[in-house]
Amino acid sequence: MRTAGRTGAVVAVAGALALVPITAPTAQAADTGITVSRIVVNGGRPVVVGTHDVQEPPVTFRITLPSGYSTAHSSGYTAEPFLYHDTTPKAGADAGGLHMGIYTCYETSSRIADCEGTLRIDPYYRVDSNNDATTWKVAVVARLWKTSGGLKAEEFTATSGRVQIKRWARATVNASPEPVTRGKTLTVTGGLARADWVKHKYTGVAAGLARLQFCKKGSSVYTTVKSVRSSSTGALRTTVKASADGYWRWSFGGWDTTGGATSTADYVDVR
């Protein structure tokens, strides 16, 4: 990708916070003649956000400049992907859009540069409503600048790219009694919770389908014993017959708005 030197300067978008995983098609900025293509964020995977930690997935993309502009003079243009939802690209960029932070571009020819950097998702800023756990659209903003420093042309262009931003989920487990007599009833409890971006804490997941899984001592393979729906508060509870020493856990597959979760395992000695 880096067949030539780095272009002019590192680009930083003031106050930019952003984003998430996607692979988006090429976007043509008609008013500027700039093309942004090969957009890949976080390897194309969805982004899952908790209550406190900032997520900074990597992003790469290619910029192709119109005739008369050179990648050796990066002060003459800017171009980058961003995310928005429930509005148009221009309105989305201004109100609630998720933008890149710092990125660096490397020349591959006089008018083509490959760029790499990071995006930023802060659960305290921009992603501040649980409704933000949804499908986000991918767009591109491109600008050309006059030699005097004024804006010459600007274009906000939508692409067909889409990406899910999800709420982080957690699962817990407890199996009792410990130890247990072979053939007796073992009660397995636990809970499902997910990030609440308004309250900034984890709250119960109601009606989540969790699989109770067992791994026999000496093995590394978990098998699903039964599936249980969580209560209105996220609680999980079921009973099984104790037959062998091993590990019990709950596994939740997640939803479009919520990431999956698997609890740590609880070992039970069967006597």
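Residues numbered from 1 in each chain as written. Predicted model: local features only at pLDDT ≥ 70, side-chain atom pairs only at ≥ 80, totals over all residues. Heavy atoms only, no water.

(A) Broad picture of the sheet that holds strand E7 (residues 77-84). Spatially, four strands are ordered E5-E11-E10-E7 in an open sheet, and the strand pairing comes out mixed. Of all strands in the sheet, those bounded by a partner on one side alone are strand E5 (47-49) and E7. Across this sheet, the average inter-strand angle for adjacent strands is 35°, counted without regard to direction. With three bridges connecting them, E5 and strand E11 (residues 151-167) associate as parallel partners. Bridging from a neighbouring strand, Val47 pairs with Ile165 of E11. (Pairing = 2+ DSSP bridges. Helix = DSSP H or I, 4+ residues; strand = E, 2+ residues; numbered from the N terminus. Axes fitted to C-alpha atoms, helices over the stretch in contact; angles between N-to-C directions.)

(B) Structural context of the state of the cysteines. Tallied over the full model, the rule gives one disulfide. Across the disulfide, Cys105 is cross-linked to Cys115 (sulfur-sulfur distance 2.1 Å). What sets the handedness of the Cys105 and Cys115 disulfide is the S-S torsion sign, and at about 100° it is right-handed. A residue pair is termed long-range when its members are at least 10 positions apart, and Cys105 in strand E8 (residues 100-107) and Cys115 in strand E9 (residues 112-119) qualify at ten residues. Per residue, the accessibility class of Cys105 equals that of Cys115, and both read buried. (Disulfide = S-S within 2.5 Å. Buried < 20%, exposed > 50% of the residue type's maximum accessible area, 1.4 Å probe, protein only.)

(C) Region of interest: the environment of Ala171. Here Ala171 is to be found in strand E12 (residues 169-176). Look at Ala171 and you get buried, because its relative accessible area is 13%. It is 5.8 Å that separates the C-alpha atoms of Ala171 and Ala261, two residues lying 90 residues apart in sequence. Apart from residues lying up to four places away in sequence, Ala171 is in contact with Gly191, Leu192, Trp250, Ala261, Thr262 and Ser263. (Contact = heavy atoms within 4.5 Å.)

(D) Broad picture of the nonpolar core. With 22 residues, the main nonpolar core has Leu186, Val188, Leu192, Trp248, Trp250 and Val268 as its most contacted residues. Among the elements of the structure, E12, strand E13 (185-196), strand E15 (209-216), strand E17 (235-241) and strand E18 (246-252) are those that each provide at least two residues to this core. Among the nonpolar cores identified, the runner-up in size contains 21 residues, and Ala79, Met100, Val140 and Leu144 belong to it. (Core = buried A, V, L, I, M, F, W, Y, C linked by side-chain atoms within 4.5 Å.)

(E) Expanded view of the pattern of salt bridges. Counted by the stated rule, this structure contains five salt bridges. A salt bridge links Arg120 to Glu56, with the shortest nitrogen-to-oxygen separation between them at 3.6 Å. Remark: Glu56 occurs in the loop between E5 and strand E6 (58-64) and Arg120 occurs in the loop between E9 and strand E10 (135-145); sequence separation between them is 64 residues. Overall, Arg120 belongs to the partly exposed group, its relative accessible area being 28%. Judged by its relative accessible area of 48%, Glu56 is partly exposed. A salt bridge links Glu154 to Arg143; the nearest nitrogen and oxygen atoms lie 2.7 Å apart. Remark: Arg143 occurs in strand E10 and Glu154 occurs in strand E11; sequence separation between them is eleven residues. In this structure Arg143 comes out as partly exposed when scored by relative accessible area, which is 24%. (Salt bridge = Lys/Arg side-chain N within 4 Å of Asp/Glu carboxyl O.)

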